[in-house]
Structures are given as C-alpha cells and as structure tokens.
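Descriptive analysis of the structure
Given next are the chains, with one letter for each unit.
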Amino acid sequence: MVSAGEVRGRRRISLFTIVNTLILLGVAAVTLYPFVYMLAVSLSGDVYVMKGEVTLWPKGFNLRMYDLVLGDPKIWSAYRNTIIYTVLGTAIAMIITSMGAYALSRSDMTFHKGFTLLIVFTMFFSGGMIPTFLVVRSLGLVDTIWGMVLPGAVSTWNLILMRTFFSGIPKELEESGRMDGLNDIGIFFRIIVPLSKPVFATISLFYAVGIWNNFMNPLLYLRNPDLFPLQVILRNLVLAGSVSSGQVTQIGGDNMVVEDSLKFATIMVSTIPILIIYPFVQKYFVKGSMIGAVKG
Amino acid sequence: MWVKQAQSEVSGIVEAGLPGLNVKRRSGMTMQSRLKRAWRRSKYLWLLFLPCLLYYAIFKYAPMFGLVITFKNYNVFKGIWASEWVGFKYYRMFFENPDFWVLMKNTVLLGVYKLVFGFPAPIILALLLNEVRNAVFKKWVQTVSYLPHFISNVIVASMVIMFLSPNGGIINELITALGGKPVNFMMEPGWFRPVYVLSEIWQHIGWETIIFLAALTAVDPQLYEAASIDGANRWRKLWHVTLPGIAPTIMIILILDIGKVLEIGFEKVFLMYNPAIYDTADIISTYVYRVGMEQGNFSYASSIDLFMGVISFIFIFSANFISRRLGGTSLW
C-alpha cells in the first residue's frame, strides 16, 4: 500500500537515478574506452584499420603486431631493466623509509623535532633539477643501476604517511617489547613490522608504481641505451618516432596507420601488466590515501 | 641469559619510567652528561634514522648548497668551488630575456587553468557517486575511475598525441565524420592548454574523489532525515546539508591546491609539447631542462630554477600557513 505522494517521490528519484547512472557510466566509458580502442586496433587487420572501421571490437583478428613488438629485443631488455629497477628500488626505499619513519614517530627520540623539520622543509624547497643532477653525477651514479634506485629512494610523502601510521600504534606494545629485553631496533623489527603489514604493502605499491612509471630520472641520469627502462623505450618508439633500428619500425615502414597499430600494440604490451594487477591491489592504494587523511 | 635479561629489564624500566624524576635531575646536568644521556636513550633510534638522514643530506640538502653555482660561472673542469663568481649575472640575464614573460605567463596560466577546471571536477564526481544507492555499481565506477592515475605519463601523453593526430587519430576521424575539418591539435598553440588540462582531469579525477568521498561519509545521516522531515528535496539537501558538511574539506584542499599552482609536473608537459607550440606550452621547468641538460648551461638553468623555487616556496608556505590557521591539515 503506497500513497500517491510516495509513488511520485519514488518516480522522481528513479529519474534522477537514471540520469546519474548514465553520467557515471559515461565517466567509466571515457576512462576505459581508450584502452579498449587501442587493444582493438592493435589486434585488427591492416585493411580494417586503414578504412577506420575498428571502433570497439577487433576486425580481422590477428596477433601480427604483438609478434613484432615481442620480437623486438629492445622491448625485452627494457622490461628486464624496469623490473630490476622496480624491485631493487622498492626494496631499498622500503628499508630506508620504514626505519626512518619509525624513528620519526618516536617523539622521545632526541632531536625528533629537528629531524622532522629537516625533512618537512624539503617539501617546500628543493635544489632543483640541475644541482641534483650535478650531485648524482659527482657521485658517479650516472649510467648505473644505482642512479635509478638511490635518488628517489625516499618520498617525503610516503615517509610522513608511514610515520603517521606508526604513531597510531599503542605505546603499550612497545613497552611490552622493552620488558622482554628488546632495544628500539628489536622493537621495530619484532613488534612494529609484523603489526604493519598492510601499510608496508600499501607504501611498497606506491613506490613500485612510482618507479615503474618514472620517466624523468632515466631521462636525466641515463645515457646508455642498454640501461633504458620501459618508459624511455616507449617514449622513443611511440612519441619521438626516432626509431633508428629494430624490427618494429622496419616493418611498420611508411604506412602511417599500420604504424599506429604497432604503437598501440607497444603501449598495450607495457600497460597490460598494470591493467591485470590493478583490480587486485587498488584497495591498498585507497587505504594508503586514507592514512594521509587522518594525519596529525 | 637469565642475568642479562633481568639486567636489561631493569634498565628498560629505569629508562622508560619515572618521567617526573628525570626532569628534576636534568636541570642540574652538564652539557656532556646530557649528550651522554641522549646517546644512551636515542642511539638505536638514531641508527634506524641514519640511512634516511644520509639520503636527505646527499640528495636534498647537497643540491641546495650546490645552488651557489647560480652566482658563479660554473665550469665543468674547475668544479663548483673553483669556478669564478659572477654575482647576479644569470638572474639579470633571465629577467632581461624576452622569453622570461612568456615562460612566466605559460607556467602561471597552465597552473591556473588546471586549478580552475581540475579542482571542481572531482567534487562533482564525488557528489554524483554519493547519490548512488547500489553499492556494487558505486564501487565499480570508483575502481574504474582510479585506474588512469596509475598509468604512466609516457603512456597518457602517447595516447593524447595519437588520438589527436590529424592522420587517423580517432578524435579527428570523429570530427571528419561529423562533417568538420581535421584539427592539428598538437601543432596549434591555442590547443595546448585545453588539451593538457583535460588530460590531467582524465588522469586524476577519480583518484582525487577519494578524499571528498571520505568527507561525505562523515556527514551525519540524521541531518538528512531532519531535512526530509522538513520537506527538503534532493537539491535542497545537497545545498543545505551535503555541501556545508564537506565545506571544510573543500576549503583545505583548495588552499593546498592554490599553494601547488606553480608546481606543474615536468614530465607530462615535456612529453606533450614540441617546438611548434613553445609559445603556450613551454614552461619554466621544461626551459630549465633545455638550457641545462641540452645546452649545458648549468649556472643559467639553475638560476631560473631557483627563482621559480623561491616564488613557489612563498606560495606553498602561505597556503599551508592559512590552512593551519583555519584548523585544517597542512604539510607539517
């Protein structure tokens, strides 16, 4: 039994709901369509691509473009480099960041205020691109793996996120560790780290994505093409068009449209790992951004 | 084993407890014994902090001292310290450079456009998401919309350039199909700012809704009930309950975004621009890269960078100061 007013109310709500749902579906479509389109074009036959017939679904399905991309040794070496930089960089970053963040979370540490200020100041002011480059170069890090791993080893933002998280751990747990004869290092590794697995997962993912996607550091600190990570190779293949050697361009030849599907295939090859992993890890990212929201 | 454990237990208690007594004792201590005490109390924490400290000293503070090269004619062979002093030569050079105003204008305008259009976008999306009753659908839209935030700038810039290409780019195909003339977006200076701002919104709108959605869940549901009883419709509720409820969050984020207005990411502009559109697309950081890394004029490039750094320091610092005074979050 529903009154007339309620029926009208319900109908109005449902109209709004329909419009709202359509808008949000539109947002999702605009977000996803570029990937669908690139996938479709890269999987389609040349003829259909040139006629502009491919919009949502591959036509004349074939994997030739992917054969070409995956047959290019440069892609594989870039992949290997990126994975090395990401794994090593994340490991180093996590060790330095977590230990530092724990020390900073302990307000009983002598010079606690001074250290905090020292770190926060760098969020407001930095030496800039060139002086940082000169330091990296004078340390002999240019054209080495370490040049990819060390200059970005600590993100102040991540450091502060972790510090905030550690500050929220009850002091009683540390006290109980001390009772068991642990010093501060023991407390950190035996008590704090096991309690903080989710935050370690989150911050590791932030670092890993940051290193995987980073383009500026390799641009500044690498000259040797053998060390180039995926992003630099990708930019050289797709954007600069300055591809001098390698199968990818030879076969792409002077045909503009085919070259496009080749580029799309290259983009997909480098993006698919992220697209596959993303749904499983995105909840950690969201959690991480929420630690920041309650920082004190 | 036994004894050792007992000993450390005792020292642990002594170190941790009795704060009142410590204060009394402290006033009579000499500098040396105070340092000794600090060492005993904090040495392990300092050890944990050491790698972090070294990182900041080497990669953050050493470059700041390296900024002396902006007052010197930096010579690669002589090194920083032996290069001769030139005073404000490079600063004068920059201010007298006709490009100076173009670069300043481009940097400020790009930042302002990004703020004006990029700031409200996630708020609107968050409000729309907040109205969704179906939890699964809401979650799905959220998850999808966060995705581009994790795609690299290289890929986003590639997509933008290829989709906008006059030779078979999908946007131009669409324009031609609708009877228009193809536009060479990436070659026309007038298009750079809209294209850049739109691509920024596409990339980050979803991610930036998170904080507003969190604020929205904190709005007291009783207020909505009370408003319903008073006969308020959806728009009145939005205007009188929702927006006032998240206003503090909006203010804080706005202030922090204003502080960051000059901090435009180098990567994306660098990847998207080309010499044909330097008139609108060249910003301070890309200019610094070309002058410093491509032409090798380290001193001049660093001077420009430092000048910009000081201005943006003032911006960020004031923004944080205001945000703090308003009782909100801040960077420190």
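Rules and cut-offs
- Residues numbered from 1 in each chain as written.
- Chains lettered and ligands numbered in written order.
- Predicted model: local features only at pLDDT ≥ 70, side-chain atom pairs only at ≥ 80, totals over all residues.
- Heavy atoms only, no water.
- Helix = DSSP H or I, 4+ residues; strand = E, 2+ residues; numbered from the N terminus.
- Buried < 20%, exposed > 50% of the residue type's maximum accessible area, 1.4 Å probe, protein only.
- Contact = heavy atoms within 4.5 Å.
- Areas by Shrake-Rupley, 256 points an atom, 1.4 Å probe, with all protein chains shown as cover.
- Buried area = accessible area lost by both parts, 1.4 Å probe.
- Polar contact = N/O pair within 3.5 Å; in protein donor to acceptor, adjacent residues only side chain to side chain.
- Core = buried A, V, L, I, M, F, W, Y, C linked by side-chain atoms within 4.5 Å.
- UniProt positions renumbered as here; feature names shortened; annotations may be inferred.
- Domains from an automatic or database assignment.
- Salt bridge = Lys/Arg side-chain N within 4 Å of Asp/Glu carboxyl O.
- Nonpolar A, V, L, I, M, F, W, Y, C, P; charged D, E, K, R; others polar.
- Axes fitted to C-alpha atoms, helices over the stretch in contact; angles between N-to-C directions.
- Parallel < 35°, antiparallel > 145°, perpendicular 65-115°, else oblique.
- Left-handed = near helix turned anticlockwise from the far one by under 90°.
- Expected span 1.5 Å × (residues − 1).

**Let's talk about the overall build of chain A**
- In terms of regular secondary structure, chain A is built from 15 helices and zero strands.
- In chain A, which comprises 296 residues, the proportion classed as buried is 50%.
- Partitioning the intrachain contacts of chain A with sequence separation of at least 6 by distance along the chain shows that 72% fall at a separation of at least 24.
- When the accessible surface of chain A is summed, it comes to about 13,700 Å², and 68% of that surface belongs to carbon and sulfur atoms.

**Some thoughts on the interface of chain A and chain B**
- Residue-level contacts link 103 residues of chain A with 93 residues of chain B.
- Buried area between chain A and chain B, both sides added, is near 8,600 Å², and the carbon and sulfur share of it is 78%.
- The interface formed by chain A and chain B contains 16 residue pairs in polar contact (both at pLDDT 80 or more).
- For the side of chain A that touches chain B, the leading source of residues is helix H1 (residues 4-42) of chain A, giving 17 residues.

**Concerning the nonpolar core**
- Formed by 175 residues in total, the largest nonpolar core has its most connected members in Phe166 of chain A together with Phe94 and Phe192 of chain B.
- Each residue touching Phe166 of chain A, except ones within four places of it in the same chain, is listed here: Ser98, Ala101, Tyr102, Ser105, Phe188, Ile192, Ser196 and Phe200 of chain A.
- With five residues, the next largest nonpolar core counts Met123, Phe124 and Ile160 of chain A together with Ile316 of chain B among its residues.

**Details of the UniProt feature "transmembrane region" (unreviewed entry) in chain B**
Residue and element names in this part refer to chain B.
- In the numbering used here, UniProt assigns the "transmembrane region" (unreviewed entry) feature to residues 44-62, 108-129, 150-175, 238-256 and 298-322.
- Taken as a whole, residues 44-62 contains 100% helix and 0% strand, while its terminal C-alpha atoms sit 26 Å from one another.
- Taken end to end, residues 238-256 comprises 100% helix and 0% strand; its first and last C-alpha atoms sit 24 Å apart.

**What to know about the domain arrangement of chain B**
Residues and elements named next belong to chain B.
- According to the domain assignment, chain B consists of domain 1 (31-87) and domain 2 (90-325).
- Using C-alpha coordinates to define each centre, domain 1 is positioned 35 Å away from domain 2.
- The interface of domain 1 with domain 2 comprises eight residues on the first partner and seven residues on the second.
- Between domain 1 and domain 2 the total buried area reaches about 670 Å² when both faces are included, carbon and sulfur atoms providing 67% of it.
- For the pair domain 1 and domain 2, the interface holds zero salt bridges.
- The interface formed by domain 1 and domain 2 holds five residue pairs in polar contact (both at pLDDT 80 or more) in total.
- Looking at the side of domain 1 that touches domain 2 residue by residue, the classes come out as five nonpolar, two polar and one charged.

**Describing the UniProt feature "transmembrane region" (unreviewed entry) in chain A**
Residue and element names in this part refer to chain A.
- UniProt's entry tags residues 12-36, 83-104, 116-139, 145-166, 187-212 and 264-281 with the feature "transmembrane region" (unreviewed entry), counted in the numbering of this structure.
- The distance from the first to the last C-alpha atom of residues 116-139 is 26 Å, and the span holds 79% helix and 0% strand.
- Summarising residues 187-212: 96% helix, 0% strand, and an end-to-end C-alpha distance of 32 Å.

**So, the pattern of salt bridges**
Residue and element names in this part refer to chain B.
- Under the definition given, this model contains nine salt bridges over all chains.
- Between Glu200 and Lys114 there is a salt bridge whose closest N-O contact spans 3.4 Å. One end of the pair, Glu200, is in helix H11 (residues 189-217); the other, Lys114, is in helix H6 (residues 99-118), with 86 residues separating them in the sequence.
- Close ionic contact of Glu131 with Arg234 constitutes a salt bridge, the shortest N to O distance being 2.5 Å. Placement of Glu131 in the loop between helix H7 (120-130) and helix H8 (135-146) and of Arg234 in helix H13 (residues 234-259) is noted, with a sequence separation of 103 residues between them.
- Classification of Arg234 by relative accessible area gives partly exposed; the value is 22%.

**Focus on the packing of helix H9 (residues 153-163) of chain B against H11 of chain B**
Residue and element names in this part refer to chain B.
- The geometry of H9 relative to H11 is characterised by a closest axis approach of 11 Å and an angle of 130° between their N-to-C directions. In this view, H9 runs oblique relative to H11, as classed from their interaxial angle. Here H9 runs over H11; the crossing is right-handed. Of the residues in H11, those in contact with Asn153, Val156, Met159 and Val160 of H9 are Val195, Ser199, Trp202 and Gln203.
- The residue inventory of the contact of H9 with H11, partitioned by class, reads five nonpolar, three polar and no charged.

**A closer look at the packing of helix H6 (residues 129-138) of chain A against helix H16 (residues 284-294) of chain B**
- At a closest axis distance of 10 Å, the pairing of H6 of chain A and H16 of chain B adopts a crossing angle of 40°. Judged on the interaxial angle alone, H16 of chain B and H6 of chain A are oblique. Of the residues in H16 of chain B, those in contact with Met129, Ile130 and Phe133 of chain A of H6 of chain A are Ser285, Val288, Tyr289, Gly292 and Met293 of chain B.
- Residues of the contact of H6 of chain A with H16 of chain B, tallied by class, amount to six nonpolar, two polar and no charged.

**Quick look at helix H8 (residues 156-167) of chain A**
All names here are of chain A.
- Between the first and last C-alpha of H8 there are 16 Å, a value that for twelve residues agrees with the 16 Å anticipated at 1.5 Å per step.
- Buried residues dominate H8, accounting for nine of its twelve residues.
- What H8 keeps buried is the set Thr156, Asn158, Leu159, Ile160, Leu161, Met162, Arg163, Thr164 and Phe166.

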